[in-house]
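Each chain is listed here by its residues.
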Amino acid sequence: MESARGESAWMTEDTRIFQETVRHFTNRELAPHQARWAEQGRPDRGVWLKAGETGLLLPDVPEEYGGGGGSFAHEAIVIEQLARAGIHIGFSVQSIVAHYILAYGNDAQKRRWLPRMASGDLIGAIAMTEPDAGSDLQAIKTLARREDDHYVIRGSKTFITNGSQANLICLAVRTDPQAAGPRALSLIVVETDDLPGYQIGRPLRKIGRHTQDVCELFFDGTRVPVTNLLGAGEGRGLFQLMDQLCYERLSIGLSAVAAAEAAVEITTRYVKDRKAFGKPLLDLQNTRFKLAECRTEAHIGRIFMDNCIQQFLAGKLDPVTAAMAKYWLTDRQFHIIDECVQLHGGYGYMQDCPIGRMWADSRVQRIYGGSNEIMKELIGRSL
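Our subject in this report is the structure included herewith. Everything numeric in this text was worked out from a predicted model, so none of it was measured.

Further remarks concern the overall build of the protein chain. A count of helical and extended segments in the protein chain gives 11 helices and 9 strands. Taking 21 Å as the expected radius of gyration for a compact globule of 383 residues, we find that the protein chain reaches 21 Å, a close match to that expectation. By the burial criterion, 52% of the 383 residues in the protein chain qualify as buried. Of the accessible surface of the protein chain, which amounts to about 17500 Å², a share of 52% is contributed by carbon and sulfur atoms. Positive and negative charge centroids in the protein chain, built from 44 and 47 side chains respectively, lie 4 Å apart.

Here you go:
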């Protein structure tokens, strides 16, 4: 919800200061390099270390584990600022991996991995999706077979964000090849530096998000210590994934709202300057009506998202509401940006035009984090 001054109620003086820090970092260290990073298909490795120094990584992880000691409100600031700027770098994935470790890791695991993730020395990835298993996590085939004090892992993953640069992977595997149902899966943290049997596949050529590092990963007899298992025992992986997906889906929904708001602002400025038939586009009734619709939908989305954030901060956000937020807000994001492209005319379809890039970048939001069809199924089951 919003206060009388038009600011989200979850904002505080501390988050306002942090917002300025994130905005300044985004404008100075990220925005100027977007074209080059798009050409190389990933950001520079050094930007992770700079982000760590500035406090953008793991802002909602306790200080005792190297994090910023804030709440999800601080993470929300990072997500919003990047989404508004149209910058796609896997900082939120870093936080998602960290929260798996924070929730299910033992103290030794937390102290081993989290401080190095907060500094940017370790880049995290979450590896669930396989060529034949997307939203259906129980179809995962990657197998981790125990041999003495190690797991021997064989299988492959695809569409992995941060994949080529990641050196700490939260890997969903099948630890019991005979078991059926949810208790067959486990989560294992894989440290990939100089790891035999681990191979990074080709970078994947995406329709949008060209700066985002996404690739395939292969495990061919990769040996990982059993001490890297997350949780008190095997067979807990699916339950762990389900418990943490609220955080991921809330993050996706928030980025959707922020991008939609930015698209409306960009388009409003454009139609004030662009002329047709001798007058600004904004003077045409259709333009005003379309932008009125877009602004209204973005505003409704913001109120819904702010309520979700407040529930999450209070520990009350349920999986069904998180699914609603992910599905509805990403649908509205694409609809709003598509309308904004139309108002830009031919220029809106150009890659050099910010709204055109936002349109291409927004499409995948309805697919990852659990497809929107799956979100509707989860909501439907609660009726």
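Read on for the rest.
What follows is about helix α6 (residues 107-119). With 13 residues, α6 should cover 18 Å at 1.5 Å per step; its first-to-last C-alpha distance of 18 Å lies within 8% of that length. Within α6 the residues assigned to the buried category are Q109, K110, W113, L114, M117 and A118. In this structure, the buried side of α6 is in contact with α3 (46-54), α5 (91-104), β1 (124-127), β4 (168-174) and β5 (185-191). For α6, the N-terminal capping position is held by N106, with its side-chain oxygen 3.2 Å away from the main-chain nitrogen of A108. Immediately downstream of α6, the backbone of G120 shows phi near 90°, a positive value.

Where helix α7 (residues 237-273) contacts helix α9 (residues 319-344), the axes come no closer than 8 Å and their chain directions differ by 20°. Between α7 and α9, the angle falls in the class roughly parallel. Note on packing geometry: the crossing formed by α7 with α9 is left-handed. When grouped by side-chain class, the residues that make up the contact of α7 with α9 number 19 nonpolar, 5 polar and 2 charged.

A full pass over the atoms with the stated rule returns 25 salt bridges. Put simply, D121 and R116 hold a salt bridge, and the shortest N to O gap is 2.6 Å. Its salt-bridge partner being K141, residue D132 comes within 3.9 Å of it at the nearest N-O pair. Accessibility expressed as a relative area gives 60% for D132, which makes it exposed. Connected via shared salt-bridge partners are E80, E261, R302 and D306.

This part takes up helix α1 (residues 13-30). Taking 1.5 Å as the rise per residue, α1 with 18 residues should run 26 Å; its terminal C-alpha atoms sit 25 Å apart, in good agreement. Along α1, the positions that sit buried rather than exposed are T15, F18, Q19, V22, F25, T26, E29 and L30. Looking down the long axis of α1, one finds its buried residues gathered within 135° of arc, a one-sided arrangement. Opposite the packed face of α1, turned more than 90 degrees from it, sit the exposed residues E13, I17 and H24. Elements that come into contact with the buried residues of α1 comprise α2 (34-40), α3, α4 (72-85) and α5.

As a further point, take the pairing of strand β3 (residues 150-161). Relative to β3, strand β2 (residues 143-147) is paired through 5 bridges, and the arrangement is antiparallel. By the bridge assignment for β3, R146 is matched with Y151. Pairing of β3 with strand β7 (residues 214-225), which is carried by 10 bridges, proceeds in the antiparallel orientation. Bridged to G155 within β7 is F219.

A few words on the packing of aromatic side chains. With the rule as written, the count across this model stands at 8 aromatic pairs. Judged by centre distance (5.1 Å) and plane angle (75°), the ring pair of W48 and F91 falls under edge-to-face. Residue W48 is located in helix α3, and its partner F91 is located in helix α5; the two are separated by 43 residues in the primary sequence. Considered together, W48 and F91 belong to a single accessibility category, that of buried residues. An aromatic cluster is defined as three or more aromatic residues linked by ring pairs; in this entry it consists of F72, Y247 and F312. A cation over a ring is seen here: R363 above F334, with NZ or CZ 5.8 Å from the ring centre.

What counts and how
- Residues numbered from 1 in each chain as written.
- Predicted model: local features only at pLDDT ≥ 70, side-chain atom pairs only at ≥ 80, totals over all residues.
- Heavy atoms only, no water.
- Helix = DSSP H or I, 4+ residues; strand = E, 2+ residues; numbered from the N terminus.
- Rg over C-alpha atoms; globule rule 2.2 N^0.38 Å.
- Buried < 20%, exposed > 50% of the residue type's maximum accessible area, 1.4 Å probe, protein only.
- Areas by Shrake-Rupley, 256 points an atom, 1.4 Å probe, with all protein chains shown as cover.
- Lys, Arg positive; Asp, Glu negative; His and termini not counted.
- Charge placed at Lys NZ, Arg CZ, Asp CG, Glu CD.
- Expected span 1.5 Å × (residues − 1).
- Contact = heavy atoms within 4.5 Å.
- Polar contact = N/O pair within 3.5 Å; in protein donor to acceptor, adjacent residues only side chain to side chain.
- Axes fitted to C-alpha atoms, helices over the stretch in contact; angles between N-to-C directions.
- Parallel < 35°, antiparallel > 145°, perpendicular 65-115°, else oblique.
- Left-handed = near helix turned anticlockwise from the far one by under 90°.
- Nonpolar A, V, L, I, M, F, W, Y, C, P; charged D, E, K, R; others polar.
- Salt bridge = Lys/Arg side-chain N within 4 Å of Asp/Glu carboxyl O.
- Arc of directions from axis to C-beta.
- Pairing = 2+ DSSP bridges.
- Phe/Tyr/Trp six-rings, centres within 6.5 Å; stacked < 30°, edge-to-face > 60°.
- Lys NZ or Arg CZ within 6 Å of the ring centre and 35° of its normal.

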